[in-house]
Amino acid sequence: MRTACLLAVLLLAAPAARAAFEKGGLLDEGPRNASLGGCGGAFASDPAGAKGCPASLARLEGMPVLLGMGAATQADLGTFVAGAGGTVEGIGAAATYRRTSSAAGSESALGFGAGLPVDEAPGLSLGAGVKLLAADLGPDRATGYGFDAGVQQLIPLPWARWEAALALGVEDLLGTLAWKGGLAETPARQWRAAATVRWAGATSLLAEVRQVRSDLGREAISGFGVEHAFTFYGVPLAARAGWRDGRLREGVTTAGLGVRWGPARADYAVAGAARSQGTLHLVAFSWWFGGAGAAGSFGRAAGPLAGAGRAAGAVSAVPESGIMRFAGPYQTVRFSLHAPPPGM
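Below is a short write-up of the structure. (Residues numbered from 1 in each chain as written. Predicted model: local features only at pLDDT ≥ 70, side-chain atom pairs only at ≥ 80, totals over all residues. Heavy atoms only, no water.)

**Looking at the nonpolar core**
- The biggest cluster of nonpolar side chains holds ten residues, and these are Leu26, Leu27, Ala34, Ala72, Leu77, Val252, Ala269, Ala271, Leu280 and Leu282.
- Residues in contact with Ala269, not counting those within four places in the same chain, are Pro31, Ala34, Ser35, Ala255, Gly256, Leu280, His281 and Leu282. (Core = buried A, V, L, I, M, F, W, Y, C linked by side-chain atoms within 4.5 Å. Buried < 20%, exposed > 50% of the residue type's maximum accessible area, 1.4 Å probe, protein only. Contact = heavy atoms within 4.5 Å.)

**Regarding the pairing of strand S10 (residues 203–214)**
- Direction of pairing for strand S9 (residues 189–199) relative to S10: antiparallel, over a ladder of eleven bridges. Within S10, the residue paired with Val197 across the bridge is Leu205.
- Count of turn residues in the S9/S10 antiparallel hairpin: three residues, of which Ala200 carries a positive phi of about 55°.
- For S10 and strand S11 (residues 217–232), the ladder comprises twelve bridges, and the chain directions are antiparallel. Pairing of Val209 across the sheet is with Ser222, part of S11.
- Hairpin geometry of S10 and S11 is characterised by an intervening segment of two residues between the two adjacent antiparallel strands. (Pairing = 2+ DSSP bridges. Helix = DSSP H or I, 4+ residues; strand = E, 2+ residues; numbered from the N terminus.)

**A look at the packing of aromatic side chains**
- Overall, the coordinates contain two aromatic pairs when judged by the stated rule.
- Residues Tyr145 and Phe147 carry aromatic rings whose centres are separated by 5.6 Å and whose planes lie at 70° to one another, so their mutual orientation is edge-to-face.
- Among the residues examined, Tyr145 registers a relative accessible area of 35% and is labelled partly exposed.
- Ring geometry for Phe232 versus Tyr233: centroids 4.7 Å apart, planes at 85°, classification edge-to-face.
- On the basis of relative accessible area, Phe232 is assigned to the partly exposed category, the value being 48%.
- A relative accessible area of 75% means that Tyr233 is categorised as exposed.
- The lysine or arginine in question, Arg161, covers the ring of Trp199, its NZ or CZ lying 5.5 Å from the ring centre.
- Sitting over the ring of Trp288, Arg260 keeps its end group 4.7 Å from the ring centre. (Phe/Tyr/Trp six-rings, centres within 6.5 Å; stacked < 30°, edge-to-face > 60°. Lys NZ or Arg CZ within 6 Å of the ring centre and 35° of its normal.)

Keep in mind that these numbers describe shape and distance, not what the molecule does.
In structure tokens:
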């Protein structure tokens, strides 16, 4: 009888854990992605921004350190995120810690991710990540792990001041969550396909579609966002807005603002949530050690192709070795192919 009662309690706790590790929400996206309708898989401007696609870490500039938090106005729901990352020899890596708490309990994830460009394919980057998961629902606790993967492709456009990037990522491609008492479940899997088009290094249009699959069902989610970077009295700013909708949740409007001062940056986002949760507010502060972020140029560090010169800048075929050599950075993708003279 006690065994049957314990099993029933664990089975009831499993959906609550699923809600804690829910995919598709805005609370754990970070303020920048959240203000853009949850879009962000095609670029990473800070460690938290690579959640949708670890391959975008290959374009991460400098060595940013980030602290952020968020809360809902009508619910006992909050989040905290901390992260650090950097790029060395074209390989980007980041470590993040996220914790979300509610009246039912809390969940946390300690993640490590890396992305690197593929030399044989200009503009292509691959990435992978691993997360250590923990959930605490009163007397019930669980631990587990999850593996993420992603691919990013920079797209050269024929117009002088236009840039584009595509990305595909999957969260918890492999993973498990083991509850105290022996019950195990598979974390919800989320596929994300994202696209970003950027004009003049300042205005970005973003779109993203997701497919969330779990033992409780499937949900399709779509998001759209726009970001414009500009300078106001010498201070680099970025205004953002977006829209997000899903089959199992309400459509919401999102907005946000980014402010950069030297190596420091602050991001804020506001977004609607379920009626029982009210409005979500998220804020994050980050500091850049070296790289484009430290220069205070919001547009270069904020766009999807920041640092793209390493992987999609001027391209030249070197006759002596036949390798592809990249130089940059460049705001516009340019290709220059030099063929060896006849007879070589």
